[in-house]
Amino acid sequence: MGGNSIHKEMIQVVEAPHPLIKHWVSVLRDENTPSSIFRDAMAELGRLLIYEATRDWLPTIIREVQSPVGVSMAEFINPKEPILVVPILRAGLALAEHASSVLPSSRTYHLGMSRDEKTLLPSVYLNKLPDRFADGARILLVDPMLATGGTVIAAIDLLKDRGVENTQIKVVSAISCPPALQKLKIKFPGLQVYTGAIDPILNEKGFIIPGLGDAGDRSYGT
C-alpha cells in the first residue's frame, strides 16, 4: 500500500505522497484560489485519494474475452459488489465528485452533518443511509477535514449502527489533524484513513492550522 503509513493499534493512516496530491492540496491551501477552482481542486484531490484508497480493495472477476487477435483471460471489477461512497455534506460532495470516474461500479449515500461553532459538536440534518448495509459492504466515508474528529466519529457510529465493521470502512480526507486521528485510533481499530496531508495544530475554534479554511464555504462560495 503506497504512501507514508502510520500503524497505531491496528489503525492505518496513509498520507499519500503523489506529487499531484501535494499540488492539489497546495491549490486548496492558497487563500487566493477562487471558489470554482477550489471546488475543482477538491474534486481532483478526491479522485486521486479514492484511487489510492481502493488500490487493493476492489473485488474482481475473471472471464474470457476475445481480442482482435486472440483469446485472453481478463480481470474486471465485479459490478455486483459496488463500492459504497458516503460523502459528508456539504464539502464532502466536492471531494467525492469524481468517485464515479475512478470506480466502475459505485453507489452514493448522502449524509448531511453540521458542526456547532460554539460546542464543536455535530448534528445530522440529512440521512440517506439504508437501514442496513449488506454483509461485507465496502464503504468510502468522505470527509474533507478531520479536525476535532466529532463529525467523522458520529458518521462512523451511524454506519456501525447499520451493521458495518471498522475494517469495512475507509475514510478519505483532504486534511487531517492529530486530535481526530488519535480519537479514531482509540475508538475504531481496523479503520483506514487516506489523507492529502496531516497538519499539526488545531486552534481553539476547531480549525486545522495551517489547513485550508472552511472547506464548505470555499467550495461553494457561501
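Heads up: the structure comes first, above all this text.
Described in the following lines is the structure provided in the data block. The structure presented is a predicted model; accordingly, all values stated were derived computationally and were not measured.

Examining the side chain of N78
Alright, step 1. Mapped onto the elements, N78 comes out in the loop between β4 (70–77) and β5 (83–89).
Alright, step 2. A distance of 2.9 Å separates a polar side-chain atom of N78 from the backbone nitrogen of K80.
Alright, step 3. Excluding residues within four positions of it along the chain, N78 makes contact with P59, T60, I61 and S105.

Comments concerning the pattern of salt bridges
Alright, step 1. Counted according to the given criterion, the structure contains 7 salt bridges.
Alright, step 2. The shortest N-O distance in the salt bridge between E52 and R55 comes to 3.0 Å.
Alright, step 3. One salt bridge connects D157 with K187, and the closest N-O pair in it is separated by 3.0 Å. One end of the pair, D157, is in helix α5 (residues 150–160); the other, K187, is in helix α6 (residues 178–187), and 30 residues separate them in sequence.
Alright, step 4. Residue classification places K187 among the partly exposed positions, given a relative accessible area of 42%.

Re the nonpolar core
Alright, step 1. Ranked by internal contacts, the top residues of the largest apolar core, which has 36 residues, are M42, L45, L140, V172 and I175.
Alright, step 2. Sorting the residues of this core by element identifies α1 (19–29), α2 (35–53), β5, α3 (91–95), β9 (139–142), β11 (169–176) and β12 (192–198) as the ones contributing at least two each.
Alright, step 3. No other element matches the 8 residues that α2 contributes to this core.
Alright, step 4. Ignoring sequence-local partners within four residues, the contact set of L45 consists of I21, W24, V25, L28, L95 and A174.
Alright, step 5. Membership of the second largest hydrophobic core comes to 29 residues, among which are L129, A155, I169 and V171.

Quick notes on unusual backbone geometry
Alright, step 1. For the bond running from L89 to R90, omega is 5°, close enough to zero to count as cis.
Alright, step 2. Cis peptide bonds are those with omega within 30 degrees of zero, and the linkage from I209 to P210 qualifies with 0°.
Alright, step 3. The topology assignment puts P210 in the loop between β14 (208–209) and α7 (215–220).

A word on the packing of α1 against α2
Alright, step 1. Their axes nearest at 9 Å, the elements α1 and α2 cross at an angle of 150°. Comparing their axes, α2 and α1 come out roughly antiparallel. In this structure, α1 meets α2 at a crossing whose hand is left-handed. Facing L20, I21, W24, V25, V27 and L28 of α1, the residues of α2 in contact are I37, F38, A41, M42, E44, L45, L48, L49 and E52.
Alright, step 2. Of the residues contributing to the contact of α1 with α2, the split by class is 13 nonpolar, no polar and 2 charged.

What to know about the environment of D161
Alright, step 1. By the secondary structure assignment, D161 is in the loop between α5 and β11.
Alright, step 2. Exposure remark for D161: the relative accessible area of 57% places this residue in the exposed category.
Alright, step 3. Sequence separation of D161 and D131 is 30 residues, and the distance between their C-alpha atoms is 8.8 Å.

Cut-offs used in this document
- Residues numbered from 1 in each chain as written.
- Predicted model: local features only at pLDDT ≥ 70, side-chain atom pairs only at ≥ 80, totals over all residues.
- Heavy atoms only, no water.
- Helix = DSSP H or I, 4+ residues; strand = E, 2+ residues; numbered from the N terminus.
- Polar contact = N/O pair within 3.5 Å; in protein donor to acceptor, adjacent residues only side chain to side chain.
- Contact = heavy atoms within 4.5 Å.
- Salt bridge = Lys/Arg side-chain N within 4 Å of Asp/Glu carboxyl O.
- Buried < 20%, exposed > 50% of the residue type's maximum accessible area, 1.4 Å probe, protein only.
- Core = buried A, V, L, I, M, F, W, Y, C linked by side-chain atoms within 4.5 Å.
- Axes fitted to C-alpha atoms, helices over the stretch in contact; angles between N-to-C directions.
- Parallel < 35°, antiparallel > 145°, perpendicular 65-115°, else oblique.
- Left-handed = near helix turned anticlockwise from the far one by under 90°.
- Nonpolar A, V, L, I, M, F, W, Y, C, P; charged D, E, K, R; others polar.

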